[in-house]
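A closer look at the structure
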Amino acid sequence: MAELDADLDHIIPSSVLSPFWAKLVVGFVSLVCFARSYDGDFVFDDSEAIINNKDLQSETPLGDLWHHDFWGSRLSSNTSHKSYRPLTVLTFRINYYLSGGFHPVGFHVVNILLHGGISILMLDVFSVLFGGLQYTSKGRRAHLAPRASLLATLLFAVHPVHTECVAGVVGRADLLCALFFLLSFLGYCQAFKESNKERTHFSTFWVLLSIFLGAVAMLCKEQGITVLGLNAVFDILVIGKFNILETVQKVLHKNKSLENIGALRNGGLLFRMTLLTLGGTSMLYVRWKIMGTGPPAFTEVDNPASFADSVLVRAINYNYYYSLNAWLLLCPWWLCFDWSMGCIPLIKSVGDWRVIALAALWLCLIGLMFQALCSEDGCKRRILTLGLGFLVIPFLPASNLFFRVGFVVAERVLYLPSAGYCMLLTFGFGALSRHTKKKVHYNIGKNLADQGNQTAAIRYYREAVRLNPKYIHAMNNLGNILKERNELQEAEELLSLAVQIQPDFAAAWMNLGIVQNSLKRFEAAEQSYRTAIKHRRKYPDCYYNLGRLYADLNRHVDALNAWRNATVLKPEHSLAWNNMIILLDNTGNLAQAEAVGREALELIPNDHSLMFSLANVLGKAQKYKESEALFLKAIKANPNVASYHGNLAVLYHRWGHLDSAKKHYEISLQLDPVAAGTKENYSLLRRKLEQMHRKDG
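Below: a short report on this structure. Since this is a predicted model, take the numbers as computed values, not measurements.

1. Digging into unusual backbone geometry
Phi at N486 takes a positive value of approximately 65°, unusual for a residue other than glycine. Within the element layout of this structure, N486 appears in the loop between α20 (472-484) and α21 (488-501). For N554, which is not glycine, the phi dihedral falls at a positive 60°. For N554, the position within the fold is in the loop between α24 (540-552) and α25 (556-569). Judged by relative accessible area, N554 falls into the exposed class, the value being 58%.

2. Observations regarding the pattern of salt bridges
Taken as a whole and judged by the stated rule, the model has 22 salt bridges. In this structure, the salt-bridge partner of D450 is K446, at a minimum N-O distance of 3.7 Å. Of the two residues, D450 and K446 are both situated in helix α18 (residues 441-450); the distance of four residues between them amounts to about one turn of the helix. Using a relative accessible area of 57% as the deciding quantity, one classes D450 as exposed.

3. Details of the nonpolar core
Counting residues in each nonpolar core, the largest one holds 91 residues, and the members touching the most others are F126, L182, F185, F234 and F390. Considering each element in turn, this core owes the most residues, 11 residues, to helix α8 (residues 172-190). The contacts of F234, once residues within four sequence positions are left out, are V128, L133, F185, C189, I239 and L386.

4. Describing the packing of helix α4 (residues 86-99) against α8
Contact geometry of α4 with α8 gives a least axis separation of 9 Å together with a crossing angle of 115°. Here α4 runs over α8; the crossing is right-handed. Between α4, through L87, T88, T91, F92 and N95, and α8, the contact on the second element is made entirely by R172, A173 and L176. Of the residues in the contact of α4 with α8, the class split is four nonpolar, three polar and one charged.

5. Overview of helix α29 (residues 624-637)
One turn of the α-helix equals 3.6 residues, which is why residues spaced by three or four share an orientation. The end-to-end C-alpha distance of α29 is 20 Å, a good match for the 20 Å that 14 residues give at a rise of 1.5 Å each. Those residues of α29 lying buried are Y624, S627, E628, L630, F631, A634 and I635. Looking straight down α29, one finds its buried side chains confined to an arc of 165°; they lie on one side. Set apart from the buried face of α29 by more than 90 degrees, the exposed residues are K625 and K636.

6. A word on the environment of G513
Within the secondary structure, G513 is located in helix α22 (residues 506-518). With relative accessibility at 0%, the residue G513 sits in the buried group. Separated by 53 residues in the primary sequence, G513 and A566 place their C-alpha atoms 16 Å from one another. Apart from residues no more than four positions distant in its own chain, G513 is found in contact with A525, S528 and Y529.

What counts as what
- Residues numbered from 1 in each chain as written.
- Predicted model: local features only at pLDDT ≥ 70, side-chain atom pairs only at ≥ 80, totals over all residues.
- Heavy atoms only, no water.
- Helix = DSSP H or I, 4+ residues; strand = E, 2+ residues; numbered from the N terminus.
- Buried < 20%, exposed > 50% of the residue type's maximum accessible area, 1.4 Å probe, protein only.
- Salt bridge = Lys/Arg side-chain N within 4 Å of Asp/Glu carboxyl O.
- Core = buried A, V, L, I, M, F, W, Y, C linked by side-chain atoms within 4.5 Å.
- Contact = heavy atoms within 4.5 Å.
- Axes fitted to C-alpha atoms, helices over the stretch in contact; angles between N-to-C directions.
- Left-handed = near helix turned anticlockwise from the far one by under 90°.
- Nonpolar A, V, L, I, M, F, W, Y, C, P; charged D, E, K, R; others polar.
- Expected span 1.5 Å × (residues − 1).
- Arc of directions from axis to C-beta.

What follows is the structure in structure tokens.
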């Protein structure tokens, strides 16, 4: 998350990042954008919902509001629209009373102010969605993600698709629903304020209050109930840190541990899900009882696709409507208050060119879902999943999936889903910004490091960290270079800070383990390696380094198991194969070393280092001919390695091929004149040859 905020530092100035100034900016912008609607008249549905609605007038008892629909008709009537929004109607009645009649200015001002308040509230919501819900020891939230939150909120505040909700008085139903929807979500978040890394504590009071606020949202407009679904998704993914892909993989592999599910159960998830389910079921039951009869009866003019005989035609057109809604969010170039009466002709065959819109929509959604499920970055998974959740869940009541709706496309139902769109757009913009920035210090440092200019790379990495003290990737790369230069203390400090900022940064955990191993802090190194593997299960390099640690501690079985894990995850991991062969060789397990070496060469037949290691094993096993062939093949692949010639010379020496041994000793010494073992063996061979010549003479 720190990285996303850093990517936006050139867009959002630091001077507006304090909560007060950020909310002031958001409130001002949201009001300015829609201020011109204050002197509008009552238009379109306003006439039926307000002017002709007797529930606004004092002659109608307040109690009747709870038995009437949004338009003032009795819910039990067969002609009722079944839109049950008594709290919204109550605000209209208060407006009517305060303004002394049907004066639209007061109605419009309330809508504008509601949108401003919702936009300000959205700043806190986005802060949670982007930054997560971690608290410091003092009870303050960490990782506020101020830049990302502010940019997403500004996009929401000014989005043109909100015009119908804010400028049309009947849009107040959506505004009030959104207000209590967000309050319900923030209330649910408040339930976990006392949580810590070790254990999830939660307040039942706040969970129940959140459910109550969801019911209030539903009494403003029906889609308010969907906040319970969003709260459930948030609880599972953010509070429980549930990894869907990992759990599916465990189920498919019949892994009985299923650690994630157990962790969620211990955190009280089932209890909270039970409360949410009971709350939602109770709301639906009461709503159904109040409604009295079946669902409203709509005509083919209202929603032509829902009357199509073919299931395929219905499905195609529903999905086309979804793509139109997505396009209105992406490019609100043409807006319309009423999309019925044949505005959108039915798609009656797959040959219709508009089917391309369906394909484009689902390609985007599938791509986003794949990243949300499969990304190794926990922050990315959370942001994409919650963004999709905010985009899709509030839209479900308008999707025709559960019941027929009385419209084709309605921009007002996009008020809440637009928050998910703004979140995804902000994340995408940050990612694009990260990949398109040129000549930034991090990129220059990386290029210099790739060219081998470590001194200059360090300078640029230090500057990148100075400009952005939470730039974890710069810290990681700088720590790596310092590690290679044996500046271990500073390397450890940088890498420790990186994993503190982003606890699931697996690469930094592994590099921290390498540094700690070099500092002889073996227990800490093992813990760092284990943490890296916890956050990235398929991490062969980390298993390889863990094996090296175990080898240093003479825990040979653990070392072999770690290296074996590395080769299972990455069969071409030459270093892990080599270390297994060498360890087995050094511990006298020649037969096992030979078997491992042959297995490795079958997978990586052209790896000269594996040829060399297996040749050493075969030589000790007195399989001289096969050993010689492998040594020669390794030398052909890489003729300038002194040890290849030196060990082949030793083989010939043992075998009795003394002239060949002499030749390769001399080549080895030419390549590495200070190799003590080779010099000693060469001296022994020369003395032996001299003795043989004297005997022959």
